[in-house]
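One letter stands for each residue in the lines below.
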Amino acid sequence: MELFKLDPGLAIWTWISFGILFFILWKFAFPALIGNIKERENLIAKSVDNADEIQKRLNDINTEYAGIIKKAKSEADSILLETRKESDILKKKLLLKAEQEASDIVKNTKDKMLEERESLILSLQNEIADFACDVSEKIVGSSFTSDKDRDWAMELAKSL
Amino acid sequence: MKRLCTTILNIFLLFSALPVFAANAEDDVSGTLFHHVLNGNEITFFPTAPAVTLPFGMSMHLLMLLLSVALIIGLFLFSVKKGERKPKGMVVFLESIVLFVRDDIVYPVMGKKRGEVWLTFFSTQFIFLSVINLLGLIPVFKSAMGNINVSSAMALMVFLLIFIVGIKNLGLFNFFKNSYPEGVSPPIGIFVVLLEFIGLFTKSIVLSLRLFANMFAGHLAILSFLVLIFVINPFFGFIAVPFAVFTYTLEVLVALLQAFVFTLLSCIFIMMSSTPEGE
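Predicted model, so just to flag it, every value in this text is computed and none were measured. (Residues numbered from 1 in each chain as written. Chains lettered and ligands numbered in written order. Predicted model: local features only at pLDDT ≥ 70, side-chain atom pairs only at ≥ 80, totals over all residues. Heavy atoms only, no water.)

**Focus: the overall build of chain A**
Move 1: Scanning chain A from terminus to terminus reveals two helices and zero strands.
Move 2: For chain A, whose C-alpha radius of gyration is 60 Å, the value lies well above the compact-globule estimate of 15 Å for 160 residues.
Move 3: For chain A, the C-alpha atoms occupy an extent of roughly 190 × 25 × 25 Å along the three principal directions.
Move 4: Residues classed as buried in chain A amount to 17% of the 160 residues present.
Move 5: For chain A, the exposed surface amounts to about 13,000 Å²; the carbon and sulfur share of it is 62%.
Move 6: A distance of 9 Å separates the average location of the 24 positive side-chain charges in chain A from that of its 29 negative side-chain charges. (Helix = DSSP H or I, 4+ residues; strand = E, 2+ residues; numbered from the N terminus. Rg over C-alpha atoms; globule rule 2.2 N^0.38 Å. Buried < 20%, exposed > 50% of the residue type's maximum accessible area, 1.4 Å probe, protein only. Areas by Shrake-Rupley, 256 points an atom, 1.4 Å probe, with all protein chains shown as cover. Lys, Arg positive; Asp, Glu negative; His and termini not counted. Charge placed at Lys NZ, Arg CZ, Asp CG, Glu CD.)

Listed below in structure tokens is the structure:
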């Protein structure tokens, strides 16, 4: 039957054709083709590794950043607390000092007022004594200028 | 669009072939069918044109083999360049074929280490078979794999490789010992070894027959549909031609599928023969 007719020549030509094709592709085409594929795969793998590394570093930086922020916040809180405490103490101190100063001022003013009063009274007594001497001179007609007269006039003014 | 044009062209070529069938079909149906499928040393460029005898006593199937080899070599050598970082056009297509063979046939069967060594061989085999099968679908050409001698030569090559690689990897003694079941009496053991080798031979024959039968039957089916027009009724063309076009489309799939199956089975057989029992 022609369908199954043996043709060794064709079979040998099949091997030769395939052999030539395999040799040429193996020698010239596939090294370049597979080399290019491998090179690209390596490049992609390297890029993926780099991207992973960058992602890892970014995560580390984010963690570090979050840590720093947390630390800064806690430091800020503690500073704020400390400052509040110090300000309270300072406030109390200032208040105390102000109260002290105010009481001092009041005391000084009182003292001064008393002094002023004393000096006013003294000056008034002098005036009264002078007036009494003048009036007595006018009434009696003799001079009341001696120290004894003066002391008498002063005693009189003080007794008023 | 391209596919549509190809289909229209094929329908045109099928119709233009009708007068030629008509001349012979009424007298000898089987002769007409086989004339268009079997090997010959004449080529008909157009159905109504006279046949041209091939030079150097070359047959059509041999021409198809040489044409496929030239086409593949041309495609590879003119498009692939070393150190190309951004491949485009044909290189992308060729790379995708090699990657398909690598990732879907060679690496899953052989693993990466051994697969790298065999990748060139199986890629060449897959491309060679695909191109021959697809070229056979062009109306002027014939399918070389539809010739039992060509498909057997390919299968015989795999059969020899099974032995060569097996003996090289396992050693002559272990290669035969690999088939010998443990714990059985020598007569049974020898019988099993014999069966194993018959099995190897059968696998190769099946490999050859599968490829041959699929490619031959596809062409025969297309032509059978068309011949029915002359055998039954000219109006039968309204049914026969769509069926022939459908079968032709199916043949494109079968052409690639058979190349894949042949390559995959070759890979499995070679791997099995060179792997120690139990691994």
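Moving on from the coordinates now.
**Things to note about the interface of chain A and chain B**
Move 1: In this complex, chain A contributes 32 residues to the contact, which on the side of chain B involves 45 residues.
Move 2: Of the roughly 3,400 Å² buried between chain A and chain B on both sides combined, carbon and sulfur atoms contribute 77%.
Move 3: Taken as a group, Leu3, Leu10 and Phe18 of chain A account for 18% of the area that chain A buries against chain B, more than any other trio of residues on that side.
Move 4: For the interface between chain A and chain B, the tally reads three salt bridges.
Move 5: The salt bridge involving glutamate 41 of chain A is made with arginine 102 of chain B; its shortest N-O contact spans 2.6 Å.
Move 6: There are three residue pairs in polar contact (both at pLDDT 80 or more) connecting chain A and chain B.
Move 7: When grouped by side-chain class, the residues that make up the side of chain A that touches chain B number 22 nonpolar, three polar and seven charged. (Contact = heavy atoms within 4.5 Å. Buried area = accessible area lost by both parts, 1.4 Å probe. Salt bridge = Lys/Arg side-chain N within 4 Å of Asp/Glu carboxyl O. Polar contact = N/O pair within 3.5 Å; in protein donor to acceptor, adjacent residues only side chain to side chain. Nonpolar A, V, L, I, M, F, W, Y, C, P; charged D, E, K, R; others polar.)

**Quick notes on the packing of helix H8 (residues 186-231) of chain B against helix H9 (residues 237-273) of chain B**
Between two packed helices, both the angle of their axes relative to each other and the distance between the axes serve to describe the pair.
All names here are of chain B.
Move 1: Where H8 meets H9, the axes come as close as 9 Å, and the angle between the chain directions of the two elements is 175 degrees. Considered as vectors, H8 and H9 are oriented roughly antiparallel to each other.
Move 2: Among the residues forming the contact of H8 with H9, the class breakdown is 20 nonpolar, seven polar and three charged. (Axes fitted to C-alpha atoms, helices over the stretch in contact; angles between N-to-C directions. Parallel < 35°, antiparallel > 145°, perpendicular 65-115°, else oblique.)

**Focus on helix H6 (residues 148-170) of chain B**
It helps to recall that an α-helix has 3.6 residues per turn; residues three or four apart then point in one direction.
All names here are of chain B.
Move 1: With 23 residues, H6 extends 32 Å from end C-alpha to end C-alpha; this agrees with the ideal 33 Å at 1.5 Å per step.
Move 2: Looking at where H6 begins, the residue whose side-chain oxygen comes 2.9 Å from the main-chain nitrogen of asparagine 149 is asparagine 147.
Move 3: Immediately beyond the C-terminal end of H6, within one or two residues, lies glycine 171, with a positive phi of roughly 90 degrees. (Expected span 1.5 Å × (residues − 1).)

**What to know about the side chain of threonine 263 of chain B**
All names here are of chain B.
Move 1: With respect to the helices and strands, threonine 263 occurs in helix H9.
Move 2: Overall, threonine 263 belongs to the buried group, its relative accessible area being 0%.
Move 3: Here alanine 259 takes part through its backbone oxygen, which lies 2.6 Å from a polar atom of the side chain of threonine 263.
Move 4: Here threonine 263 is in contact with Ile105, Phe122, Gln125, Phe126 and Leu129, once residues within four sequence places are set aside.

**Details of a negative patch on the surface**
Residue and element names in this part refer to chain A.
Move 1: On the surface, a cluster of negative charge is contributed by Asp111, Glu115, Glu116 and Glu118.
Move 2: With respect to the helices and strands, glutamate 115 occurs in helix H1 (residues 8-140).
Move 3: Residue classification places glutamate 115 among the exposed residues on the basis of a relative accessible area of 57%. (Patch = residues over 30% accessible without salt bridge, like charges linked within 9 Å, V, L, I, M, F, W, Y side chains within 5 Å.)

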